[in-house]
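Per-entry structural report
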Amino acid sequence: MTRLGISKEYLPWMGSLAVIAIAAAMLFQITGLRTILASAIIFVGLPLILLRKTGLDGEEKIMFSLFIGLGLSSLAVWTVNRVLPSFRISIIAAFIIVAAVSIIAPKILHKN
Amino acid sequence: MAAARAKDSSDGVLKLDPKLLSVAAATALFLISIFLWTLPFQHNRLPFGEGDSAWHFAIGDHISSIDKATWSLPYYIALWYGGFNVQGTFEPEYPPPNHANYALMQILGGERFIPVLIYRAMASFIGTIAVFFIVSRLFGILPGFLAGLGLSFSIREQLMYLFGQQPTVVSLAITPVAIYAWHKYLTSYYEDGNGGRRIYLFMAAALLAAQYLLHLQGFLGSAVIIAVLTAALAIRFRKLPAAKNNFKMLALAAVAFAVVAAPFLRIYIGTGGGELKLALNLEKLGGWGITPAQVMGNFPEGSVKFSAEYPGILPVFLFAGIALLLLRTFLVKNNTKEIFMLSWLIGIYIILHFDAITASGPARLTRMLILENHLFYSLIALSVVWLPATIGKILKLNKAIPTAAKYFLAAVLVFTLISTAGAQTQDRLKAAYGDLSRITPLQAEFAQEVLGKLPEKAFVYDPVLPGQPGLQYRGFRYPKIRWMLAISQRYVGRNTPINNTLIPDINETYYLFDYSDLAVFASSSDPGTQQFGLYLANELQKVELNLFNNTQPVYNKDNIRLYKYHQGIKEVPTPT
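Values in this document were obtained by computation on a predicted structure and should not be read as measured data. (Residues numbered from 1 in each chain as written. Chains lettered and ligands numbered in written order. Predicted model: local features only at pLDDT ≥ 70, side-chain atom pairs only at ≥ 80, totals over all residues. Heavy atoms only, no water.)

**Quick look at the overall build of chain A**
Within chain A, the secondary structure is distributed over three helices and zero strands. Scanning chain A from its N terminus toward the C terminus, one meets helices and strands in the order α-α-α. The buried share of chain A, taken over its 112 residues, is 50%. A separation of at least 24 residues holds for 45% of the contacts in chain A among residues at least 6 apart in sequence. (Helix = DSSP H or I, 4+ residues; strand = E, 2+ residues; numbered from the N terminus. Buried < 20%, exposed > 50% of the residue type's maximum accessible area, 1.4 Å probe, protein only. Contact = heavy atoms within 4.5 Å.)

**A few points about the overall build of chain B**
Summing up its helical and strand segments, chain B has 23 helices and seven strands in all. Dimensions of chain B along its principal axes, counting C-alpha atoms only, are 90 × 55 × 50 Å. Burial status across chain B gives 58% buried among its 576 residues. Sequence-distant contacts in chain B: of pairs separated by 6 or more residues, those separated by 24 or more amount to 78%. Carbon and sulfur atoms make up 61% of the accessible area of chain B, which amounts to about 23,500 Å² in all. In chain B, which carries 47 positive and 35 negative side-chain charges, the distance between the mean positions of the two groups comes to 12 Å. (Areas by Shrake-Rupley, 256 points an atom, 1.4 Å probe, with all protein chains shown as cover. Lys, Arg positive; Asp, Glu negative; His and termini not counted. Charge placed at Lys NZ, Arg CZ, Asp CG, Glu CD.)

**Some remarks on the sheet that holds strand β6 (residues 555–557) of chain B**
Residues and elements named next belong to chain B. Reading across the sheet, the five strands line up as β4-β3-β5-β7-β6 and stay open at both edges, with mixed pairing between neighbours. Every other strand in the sheet has two partners, leaving β4 (491–493) and β6 as the edge strands with one partner each. Strand-to-strand twist across the sheet, computed as the mean angle between neighbouring axes with direction ignored, equals 20°. Where strand β5 (residues 509–514) meets strand β7 (residues 560–564), five bridges bridge the pair, whose relative direction is antiparallel. (Pairing = 2+ DSSP bridges. Axes fitted to C-alpha atoms, helices over the stretch in contact; angles between N-to-C directions.)

**A word on the pairing of β5 of chain B**
A regular strand carries its side chains on alternate faces of the sheet. All names here are of chain B. With six of its six residues buried, β5 lies for the most part within the structure. Along β5, one buried face is formed by T509, Y511 and F513 and the opposite face, lined by Y510, L512 and D514, is buried too. Alignment of strand β3 (residues 459–461) against β5, held across three bridges, turns out to be parallel. Following the sheet pairing, Y461 is matched in β5 by Y511.

**Thoughts on a nonpolar patch on the surface**
Residues and elements named next belong to chain B. Nonpolar side chains collect at one region of the surface, where L387, I391, I394, L395, L397 and I401 lie side by side and expose about 530 Å² of accessible area between them. Element by element, the count of residues in the nonpolar patch is highest for helix α18 (residues 362–394), at three residues. Among the secondary structure elements, I394 is positioned in helix α18. You can call I394 exposed: its relative accessible area is 60%. (Patch = residues over 30% accessible without salt bridge, like charges linked within 9 Å, V, L, I, M, F, W, Y side chains within 5 Å. Salt bridge = Lys/Arg side-chain N within 4 Å of Asp/Glu carboxyl O.)

**Focus on the nonpolar core**
Counting 224 residues, the largest nonpolar core has F64 and F67 of chain A together with Y511 and L562 of chain B as its most contacted members. In terms of residue count, the dominant contributor to this core is helix α5 (residues 114–139) of chain B (19 residues). Residue-level mapping places this core at the junction of two domains, with at least three residues from each of domain 1 (165–431) and domain 2 (441–564) of chain B. Each residue touching Y511 of chain B, except ones within four places of it in the same chain, is listed here: Y461, P497, I498, L547, F548, R561, L562, Y563, Y565, I569 and V572 of chain B. (Core = buried A, V, L, I, M, F, W, Y, C linked by side-chain atoms within 4.5 Å. Domains from an automatic or database assignment.)

**Comments concerning unusual backbone geometry**
Residue and element names in this part refer to chain B. One non-glycine residue with positive phi stands out, namely Y433, at about 50°. By the secondary structure assignment, Y433 is in the loop between α19 (400–431) and α20 (441–449). Here the phi dihedral of N559 falls at roughly 65°; this positive angle occurs in a residue that is not glycine. The class of N559 is partly exposed, set by a relative accessible area of 41%.

**Structural notes on the pattern of salt bridges**
On inspection of all chains with the given rule, the structure shows 18 salt bridges over all chains. Across the pair D61 of chain B and R112 of chain B runs a salt bridge whose closest N-O atoms are separated by 2.7 Å. Here R112 of chain B lies in the loop between α4 (97–109) and α5 and D61 of chain B lies in helix α2 (residues 51–66), a separation of 51 residues in the sequence. The structure contains a network of salt bridges with shared partners spanning D57, E59 and E60 of chain A together with R137 of chain B.

**Points about the interface of chain B and chain A**
Tallying the contact residues gives 69 residues for chain B and 49 residues for chain A. Roughly 5,200 Å² of surface becomes buried between chain B and chain A when both sides are summed, with 72% attributable to carbon and sulfur atoms. R137 of chain B is paired through a salt bridge with D57 of chain A; the nearest N and O atoms lie 2.5 Å apart. Across the chain B-chain A interface, the total number found is 23 residue pairs in polar contact (both at pLDDT 80 or more). Of all the secondary-structure elements, those providing two or more residues to the side of chain B that touches chain A are α1 (18–37), α2, α4, α5, α8 (166–173), α9 (175–192), α10 (198–214) and α12 (244–261) of chain B. Residues belonging to the side of chain B that touches chain A are distributed by class as follows: 51 nonpolar, ten polar and eight charged. (Buried area = accessible area lost by both parts, 1.4 Å probe. Polar contact = N/O pair within 3.5 Å; in protein donor to acceptor, adjacent residues only side chain to side chain. Nonpolar A, V, L, I, M, F, W, Y, C, P; charged D, E, K, R; others polar.)

**Observations regarding empty space enclosed by the protein**
Residue and element names in this part refer to chain B. Applying the stated criterion to the full structure yields two cavities of 30 Å³ or more. As for the largest cavity, its lining consists of 17 residues, and the residues nearest its centre are I59, T70, W71, P92 and H99. Here the lining of the largest cavity gets four residues from one element, more than from any other, and that element is α2. Taken together, the residues of the lining of the largest cavity break down into twelve nonpolar, four polar and one charged. By volume, the second largest cavity amounts to about 60 Å³. For the second largest cavity, the full set of lining residues is D462, P463, L465, Y473, R477, L512, F513, D514, L518 and L540. The leading source of residues in the lining of the second largest cavity is β5, at three residues. (1 Å grid on protein atoms, 1.4 Å probe; cavity = no way out; pocket = protein on both sides within 12 Å on 5 of 7 lines; lining within 4 Å. Points joined across faces, edges and corners; volume = space filled by probe spheres on them.)

This is the structure in structure tokens:
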């Protein structure tokens with residue numbers, strides 16, 4: 001773990017994200033930067049909350065998160081939005097719910 | 001790019017940390033792809049694509065604009081395919097993720113078009129990263145990078161992306177990752193003898209669910225390959241992968257998938273996705289792929305033509321890869337990876353021959369060809385590694401010779417890819433929708449400022465021009481009116497407004513006469529284009545005078561006129 005509490009296995013990927021975000025900013029300015037960071041947070045970050053303590057290695061966690069997130073992250077937001085009135089608020093709520101699930105859920109995913 | 005950490009190994013040879021090298025390779029592929037695939041909107045930031053492209057955009061845009069992911073479609077989108085959706089006019093035709101992804105991009109990206117366009121580009125080239133991931137995990141970073149590079153230049157993905165079939169492309173891109181997860185589960189099950197690593201089972205279930213929600217075709221592709229792989233490994237290990245020690249987990253994964261998938265089943269049934277008509281055309285079993293003639297009028301030649309997808313000497317690498325795969329499957333002792341590749345190949349064969357046993361049309365199979373690209377570029381890349389290794393082993397050569405040959409072949413492949421498909425990719429994507437085929441700034445502003453201020457349930461009719469030359473113009477004009485619909489959030493289309501039961505108030509019907517493109521054609525220096533523009537302008541004016549002679553338009557600027565319905569209109573021209 002680093003001082004910021006980030007596991008070292010993610011550091012190269014964070015470097016990769018920074019490079020891609022800079023490239024996107026060069027092409028599309030602040031919109032490009034925001035879009036890349038948003039994509040990383042939504043499509044990778046949200047599923048990664050659940051996968052971070054599994055027995056997968058760092059690369060598998062990132063890649064599985066990305067491809068699962070493309071289909072299921074927005075479904076999580078959409079589902080929360082069936083209850084909450086705002087889609088925007090549902091984005092934050094989905095993160096809170098997934099984080100809570102990762103703490104209290106039975107450790108089916110965490111074993112091996 | 002993450003700097004690869006160099007390590008001095010005990011033999012004094014400088015070696016790179018494979019984990020860092022893998023991140024660096026994935027980053028390089030992503031950068032190459034994002035630079036190329038965003039070329040269509042690096043200078044012109046207006047949206048592009050065919051009608052489907054605007055349709056998908058419109059739904060995501062609706063979600064973010066009202067800040068609510070409603071289940072039913074709004075009036076202006078519902079009328080688009082009004083009457084075709086058997087579930088009802090206002091019922092959704094896709095599960096939520098595609099369009100919710102667009103909405104998320106708009107909200108978090110902070111702009112209406114660019115974040116969605118960037119997402120579309122990424123979701124369309126993401127197969128590059130998927131294939132890199134699985135090939136590098138199973139066979140090494142070099143073949144993984146080469147396979148990914150080939151895919152970043154793939155014409156088939158690019159055409160689907162440009163036209164707006166991105167939901168299908170992203171769903172198909174997940175297939176390699178889903179079958180990899182399943183393969184890892186099965187091999188751990190057979191090799192550990194302890195019920196297998198359940199995490200891979202749940203990953204496979206989650207990936208299949210993601211595909212199912214993005215587009216059914218990707219899910220079906222994975223299901224077929226997974227079935228073949230399961231059977232192949234069961235034969236290899238002479239044991240079924242279901243026993244007491246893993247039955248509970250298999251059932252749990254199936255239930256988890258069903259919980260996610262079941263609520264959206266009626267969407268696929270409603271749009272005909274669940275329909276499977278049997279029809280025997282066994283003569284098709286002997287061939288491979290789809291001919292340009294089969295898709296003429298629906299897809300360009302490049303979508304299906306083998307030589308367009310695999311130019312230059314790529315077929316040589318491909319056939320070498322297939323031959324070596326067959327050889328290795330029988331010669332290599334621990335051949336589970338080879339069985340994985342072979343099952344992938346057999347699965348693709350079955351998928352691309354659905355039309356031999358069902359009434360699948362070439363349109364659906366054309367999109368499925370993307371699955372072939374993932375596999376074939378992997379085999380092309382693997383030939384670079386397998387050929388020197390196999391020859392080296394048979395001839396018992398010094399290790400340095402096959403290694404040198406591997407890097408030489410890799411260099412030849414990279415040169416071939418860049419000089420053929422790579423160069424074509426840059427030209428194609430740079431020129432895509434660079435002319436009048438994209439909605440113009442004038443038309444976009446008219447849609448936003450004029451049409452967007454009409455009553456919410458306004459019905460804007462765009463007259464269809466009759467005649468043969470007009471027939472070509474219809475195809476040119478169609479995506480434009482759909483983008484006007486998406487931008488204005490008002491219905492703009494060609495469904496006749498007369499006696500149309502879906503129109504709540506006939507007095508809120510408007511007629512659009514857009515001469516702006518025709519004026520450009522008519523002033524062209526090319527006599528053919530000039531004549532074409534003048535002819536069409538004349539035809540459109542005839543319709544305008546017929547319906548609105550002596551009537552004041554509600555808008556008249558920059559060669560665009562908009563009229564409101566009056567009771568004298570009894571019929572409107574119909575397409576011929």
